[in-house]
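Coordinate inspection notes
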Amino acid sequence: MKALSIVSLIGFLLNFLLIVVFIDGSQESAEVAAGLGILGVLYGLLFSILTLIISSKRKKTPVNVHEQLLQLGELKEKNIISEYEFDQKKEKLLARYK
């Protein structure tokens, strides 16, 4: 998350510089603005890649609550886990589902 904030700040500064250069309006400023535009495109690519990496790490694996509750119930019926353990695991599973 920190990396995304840093890249966002860099993008903000890059856009601010681009606006300042455009306001100047001289021929030299046009060359500088073109350079900053290229940097803006590269920044956009970096930001997109970083965002994809971070969002892919955040995805939760789908939980099949019904099957897991059935398995817990079977373990309880076979006295492999106690009623207390069953209740704890069930609450934890349901909390993950929400």
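Here, every reference points to the structure presented above.
Residues numbered from 1 in each chain as written. Predicted model: local features only at pLDDT ≥ 70, side-chain atom pairs only at ≥ 80, totals over all residues. Heavy atoms only, no water.

**Digging into helix 3 (residues 65-77)**
Along an α-helix, residues three or four apart share an orientation, since each turn contains 3.6 residues. Our working definition: Secondary structure follows DSSP: runs of H or I at least 4 residues long count as helices, runs of E at least 2 residues long count as strands, and numbering of each begins at the N terminus. To estimate the expected span of a helix, subtract one from its residue number and multiply by 1.5 Å. Under the scheme applied here, a residue whose accessible area is under 20% of the maximum for its type counts as buried, over 50% as exposed, and between as partly exposed, the area being computed with a 1.4 Å probe on protein chains only. Think of the arc as the fan of directions from the helix axis to the C-beta atoms.
Given a rise of 1.5 Å per residue, 13 residues ought to cover 18 Å, and the 18 Å separating the end C-alpha atoms of helix 3 matches this to within 8%. Within helix 3, the full set of buried residues consists of Val65, Leu72 and Gly73. The arc enclosing the buried residues of helix 3, seen along the axis, measures out at 100 degrees, which places them on a common side. Directly after helix 3, the chain includes Asn79, whose backbone phi takes a positive value near 60 degrees.

**Focus on the nonpolar core**
Going by this rule: We define the nonpolar core as a collection of buried residues of types Ala, Val, Leu, Ile, Met, Phe, Trp, Tyr and Cys that are connected through side-chain atoms lying within 4.5 Å of one another. We call two residues in contact whenever any of their non-hydrogen atoms come within 4.5 Å of each other.
In this structure, Val7, Leu14, Leu18, Val21, Ala33, Leu36, Tyr43, Leu50 and Ile54 together form the largest nonpolar core, which totals nine residues. If you tally residues by element for this core, the top one is helix 2 (residues 27-58), at five residues. If sequence neighbours within four positions are ignored, Val7 has contacts with Tyr43, Leu46, Phe47 and Leu50.

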